[in-house]
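These are the residues of each chain, in order.
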Amino acid sequence: MTFWHLVFNNDRIGSKTRSARQQNLNQTESRRGFTVYRMASILEQIFAAKRAELSERLRQAPLEQVKDAAAHAPPPRDFITALRRREPAIIAEVKRASPSKGDIFPGLDPAAVAQDYAAAGAVALSVLTDYHFKGRLEDLRAVRAVVQLPILRKDFIFHQYQLYETRAAGADSILLIAAMLAPDDLSRLLMAAREIGLAALVEVHNQDELNRASRLGAELIGINNRDLHTFKTTLSTTTELLRSYSSSALIVSESGIETAEQVRELYADGARAFLMGESLLRGGAPHLALASLLKQFAEGAPALR
């Protein structure tokens, strides 16, 4: 079975990355500024492109140089404690586009959106830095310069280089995707992140991945309602996985969340933080969208008790 993978024509990666990607994928057509590829798994193809991207990054800035920059970065903020301080804890996402849906907020200014989110009541921010979403590391740096909230770098992390790169850019947390990482790699990256002060949001999509994250002692587990192999989304993923969950990790529900009622239902299922982006950005007024959602949630909060 095959699926459609959308890769932006105007990404800013090196020619080596583009060449590697073109060798791995069969281009079929162009659509509204995107190049469309047929593939067996979206995640597998993104991972292949990220490996090529890392090679280019290592050529431009060696590991020791990035380690030194991370060592001189300000101390990380406590991402997990921030999420425990408020109900619901909204991690508001700075996201230019989606491989499956195209542009979300044309002309997005990462710093301005981050300030809007902070003013509206977000407890933490997520910044997409992957070029498949038109993101870049400069977006994270721009956000860090204007807000004091903890920041999650949302990208496809698989190498220690990316951990040091994340700290050097000012982020406080990274995303580790269980579906993309072998068990030993996930364990090593989780430990390495802790050593340099990064909180790790271990992302899962099924029972096996949730069990693996729990065995590793993950303090922060994200349940992605979107299947990264197909990009299909269903909120029941969070509900089903939490039905028999009994460990102590803080659970973040990710993807496809649009309304206060959905937040309320997922909260009742056991999620305590919610990563939201597209639904807050599509109308072009993220401050109003987040403030409205939090107000509606508060009005219905007694139903949770």
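The numbers attached to residues start from 1 for each chain and follow its sequence in the written order. Only residues with pLDDT of at least 70 are given local features in this predicted model, and only at 80 or more are side-chain atom pairs given and counted; all residues enter the totals for whole chains, interfaces and linings. The side-chain numbers reported here are obtained from all heavy atoms of the structure, hydrogens and water having been left aside.

Student: Before we go on, may I ask you to explain the overall build of the chain in this structure?
Tutor: Secondary structure follows DSSP: runs of H or I at least 4 residues long count as helices, runs of E at least 2 residues long count as strands, and numbering of each begins at the N terminus. Secondary structure assignment for the chain yields 13 helices and 13 strands. For every residue, the accessible area obtained with a 1.4 Å probe (protein chains only) is divided by the maximum for its type, and the residue is called buried under 20%, exposed over 50%, and partly exposed between those limits. Taking all 305 residues of the chain together, 56% fall into the buried category. Residue contacts are counted whenever heavy atoms from the two residues lie within 4.5 Å of one another. Long-range pairs, those at least 24 residues apart, make up 69% of the contacts in the chain with a sequence separation of at least 6. Only the protein chains shown count as cover for residues, and all accessible areas are computed by the Shrake-Rupley method using a 1.4 Å probe. Surface accessibility of the chain: about 13200 Å² in total, with carbon and sulfur atoms responsible for 47%.

Student: Please clarify how the environment of T237 should be interpreted in this entry.
Tutor: Mapped onto the elements, T237 comes out in helix α10 (residues 236–242). Here the alpha-carbon distance between T237 and V204, two residues 33 residues apart in the chain, equals 9.9 Å. When sequence neighbours within four positions are dropped, the list of residues in contact with T237 reads H205, I223, N224 and N225. Only 3.1 Å separates the side chain of T237 from the backbone oxygen of T234, close enough to count as a polar contact. Any N or O atom pair separated by 3.5 Å or less is treated as a polar contact, with the protein-specific requirement of one donor-capable and one acceptor-capable atom, and with residues adjacent in sequence counted only for side-chain atom pairs.

Student: In this structure, what is going on with the packing of aromatic side chains? I would like to understand it.
Tutor: Given two aromatic rings, one states the distance between the centres and the angle between the planes to describe the pair. Pairing of aromatic rings covers Phe, Tyr and Trp, the last counted by its six-membered ring, and requires centre-to-centre distances within 6.5 Å; plane angles under 30 degrees mean stacked, over 60 mean edge-to-face, and any other angle means tilted. Throughout the structure, instances matching the rule amount to three aromatic pairs. Ring centres of F47 and F158 lie 5.1 Å apart, and the angle between their planes is 70°; on these two criteria the pair is classed as edge-to-face. One end of the pair, F47, is in helix α2 (residues 42–60); the other, F158, is in the loop between β8 (151–154) and α7 (160–168), with 111 residues separating them in the sequence. Using a relative accessible area of 18% as the deciding quantity, one classes F47 as buried. With a relative accessible area of 16%, F158 lands in the buried category. In this analysis the charged atom, NZ for Lys or CZ for Arg, is taken to sit over a ring once it is within 6 Å of the ring centre and within 35 degrees of the ring normal. Seen from the ring of F47, R51 lies directly overhead, with NZ or CZ sitting 4.4 Å from the centre. Over the ring of Y267 we find R272; its NZ or CZ atom is 3.9 Å from the centre of that ring.

Student: Explanation requested: the packing of helix α5 (residues 110–120) against helix α6 (residues 137–144) in the structure shown.
Tutor: When two helices pack together, their arrangement is given by the angle between their axes and by how far apart the axes lie. Here an axis means a line fitted to C-alpha atoms, over the contact stretch when the element is a helix, while the angle between two N-to-C directions is reported on a 0 to 180 degree scale. It is the contact of α5 with α6, at a shortest axis distance of 8 Å, that shows an interaxial angle of 45°. One way to sum up the angle between α5 and α6 is to call them oblique. For α5 against α6, the interelement crossing comes out right-handed. On α6, the residues touching P110, A111 and A114 of α5 are D139, A142 and V143. Following the grouping adopted for this structure description, the nonpolar residues are Ala, Val, Leu, Ile, Met, Phe, Trp, Tyr, Cys and Pro, the charged ones are Asp, Glu, Lys and Arg, and the polar ones are all others, Gly among them. Split by residue class, the contact of α5 with α6 holds five nonpolar, no polar and one charged. Small angles under 35 degrees read as roughly parallel and large ones over 145 as roughly antiparallel, with 65 to 115 read as roughly perpendicular and the rest as oblique. Two helices that cross are described as forming a left-handed crossing if the nearer one is turned anticlockwise from the farther one by less than a right angle, and a right-handed crossing if clockwise.

Student: Just to check I follow, could you spell out the side chain of E278 for this structure?
Tutor: Mapped onto the secondary structure, E278 falls in helix α12 (residues 278–281). Accessibility expressed as a relative area gives 11% for E278, which makes it buried. The contacts of E278, once residues within four sequence positions are left out, are K95, S98, K101, I104 and R226.

Student: Explain the confidence of the model for the chain to me, please; I cannot follow it from the model alone.
Tutor: It should be kept in mind that the predicted coordinates are not to be read in detail where pLDDT is low. On a range of 0 to 100, pLDDT expresses the predictor's confidence in each residue. Residues with a pLDDT of 70 or more make up 85% of the chain, whose mean pLDDT is 86. Low pLDDT (under 50) marks residues 1–40, which in the prediction has 87 contacts with non-local residues, meaning those over four places away or in another chain.

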